[in-house]
Amino acid sequence: MITRRRRAAGEVGFTLLEITIILAVIAILGLVLAPSIINFLNQSRLARARSDVEVLGAAVEEFFRDNGFFPQYTDGDRSRRIRLLVSPGAVSGAQAGAEGWALVTPGEVDLISNQLINNRPSFGLSGYPLKTTVSGSGWNGPYTSSDLQSDPWGNRYVINVEFLSVMTGAVEADGVQEKRAVWALSAGPDGIIDTLYPSATQQLIGNAAASPLDISARIQ
């Protein structure tokens, strides 16, 4: 007659039934907790993106306070303007009317780090003049963290610096054209920028609004 093997006193181990029960409990807990974990990760990514665009907006404003102009030039001589500042990362897709955010034309786009961290505008021979006295003006960065990378979804942050203006009030230097909105922006979880790119007729500072599908901080 075959007898069932009994576990010896002090023997360590699990029976097949115990292992099956443990695995079943783990699987059930995984199913129950998975949505909460995914939601936590999503909220963490959103929080990081919101923080990043706020930091970028503040960095641009601090740059202006030090220099008296905005980080929107190809070189230290300020001979030519760029249109976008971007971080590393993939170029986001864009809805109709938002295509300007996907600009990649050399000479019109520079890295955020070149302007706000390293003082090495990409297309010039020299950086901006440095601040040498407490009361003087000049580049006094870095203005943001040197570890700035892509947004939490692998896409680049963008700032439409071409529309930044030192003029007070609601009009540009010509006194006629109304100022346009400037954003530090991430495309968000879907990787598609929905906020309209400012033109002569849209995103004027009096009525500008970013899409709720994007993560943005208003600079101007």
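For the structure, check the block above.
So, a few notes on the structure that sits alongside this text. (Residues numbered from 1 in each chain as written. Predicted model: local features only at pLDDT ≥ 70, side-chain atom pairs only at ≥ 80, totals over all residues. Heavy atoms only, no water.)

**Considering the pattern of salt bridges**
Tallied over the full model, the rule gives 4 salt bridges. In this structure, Lys131 engages Asp66 in a salt bridge whose closest nitrogen and oxygen atoms are separated by 3.6 Å. With Lys131 in the loop between helix 2 (112–116) and strand 4 (158–159) and Asp66 in helix 1 (residues 16–67), this residue pair connects regions lying 65 residues apart in the sequence. The class for Asp66 is buried, based on a relative accessible area of 12%. Linked by salt bridges that have partners in common, Arg83, Glu108 and Glu162 make up one network. (Salt bridge = Lys/Arg side-chain N within 4 Å of Asp/Glu carboxyl O. Helix = DSSP H or I, 4+ residues; strand = E, 2+ residues; numbered from the N terminus. Buried < 20%, exposed > 50% of the residue type's maximum accessible area, 1.4 Å probe, protein only.)

**Notes on unusual backbone geometry**
Excluding glycine, residues mostly have negative phi values, and the peptide bonds linking residues are mostly trans. Each neighbour pair has its own omega, and for Gly141 with Pro142 the value is 10°, a cis peptide bond. Structurally, the position occupied by Pro142 is in the loop between helix 2 and strand 4. Phi at Arg78 takes a positive value of approximately 55°, unusual for a residue other than glycine. Note on placement: Arg78 falls in the loop between helix 1 and strand 1 (84–86).

**Side note on the nonpolar core**
Core analysis: the largest hydrophobic core is formed by 42 residues, its most contacted members being Trp101, Ile112 and Ile159. Listed by contribution, the elements that provide at least two residues to this core are helix 1, strand 1, helix 2, strand 4, strand 5 (183–186) and strand 7 (215–218). When residues in this core are grouped by element, the largest group, 7 residues, is from helix 1. If we ignore the near neighbours within four places in the chain, the residues touching Ile159 are Leu56, Val60, Arg83, Leu84, Leu85, Trp101, Ile112, Val182, Trp183, Ala184 and Ile219. (Core = buried A, V, L, I, M, F, W, Y, C linked by side-chain atoms within 4.5 Å. Contact = heavy atoms within 4.5 Å.)

**A closer look at the side chain of Gln72**
The topology assignment puts Gln72 in the loop between helix 1 and strand 1. Residue Gln72 is classed as buried on the basis of its relative accessible area of 2%. Separated by 3.4 Å, the side chain of Gln72 and the backbone oxygen of Leu164 make a polar contact. Setting aside chain neighbours within four positions, we find Gln72 in contact with Arg80, Arg81, Ile82, Gln115, Tyr128, Val161, Glu162 and Leu164. (Polar contact = N/O pair within 3.5 Å; in protein donor to acceptor, adjacent residues only side chain to side chain.)

**So, the environment of Gln202**
By secondary structure assignment, the location of Gln202 is in the loop between strand 6 (192–193) and strand 7. Put simply, Gln202 and Gly97 are 105 residues apart on the chain and 9.4 Å apart in space, counted from C-alpha to C-alpha. Residue contacts for Gln202: discarding those within four places in its chain leaves Gly97, Arg180, Leu196 and Tyr197. In this structure the side chain of Gln202 is engaged in a polar contact, spanning 2.6 Å, whose partner is the backbone oxygen of Tyr197.

**So, the side chain of Asp194**
Checked against the element boundaries, Asp194 lands in the loop between strand 6 and strand 7. Salt bridges are absent for the buried Asp194, whose nearest opposite-charge side chain, Arg50, sits at 14 Å. Discounting residues that sit within four places of it in the chain, Asp194 has contacts with Gln95, Ala98, Ser211, Leu213 and Asp214. (Lys, Arg positive; Asp, Glu negative; His and termini not counted.)

**Quick look at the sheet that holds strand 7**
Ordered in space as 3-1-4-5-7, the 5 strands form an open sheet in which the pairing is mixed. Two strands bound the open sheet, and with one partner strand each, they are strand 3 (109–111) and strand 7. (Pairing = 2+ DSSP bridges.)

**Here we look at the environment of Arg218**
Locating Arg218 in the fold gives a position in strand 7. Taking the C-alpha atoms as reference, Arg218 lies 9.9 Å from Ala58; in sequence the two are 160 residues apart. Leave out the neighbours within four places in its chain, and Arg218 touches Ala181, Val182, Trp183, Ile205 and Ala208. For Arg218, the side chain forms a polar contact with the main-chain oxygen of Ile205, separated by 3.1 Å. A distance of 2.4 Å separates a polar atom in the side chain of Arg218 from the backbone oxygen of Gln220.

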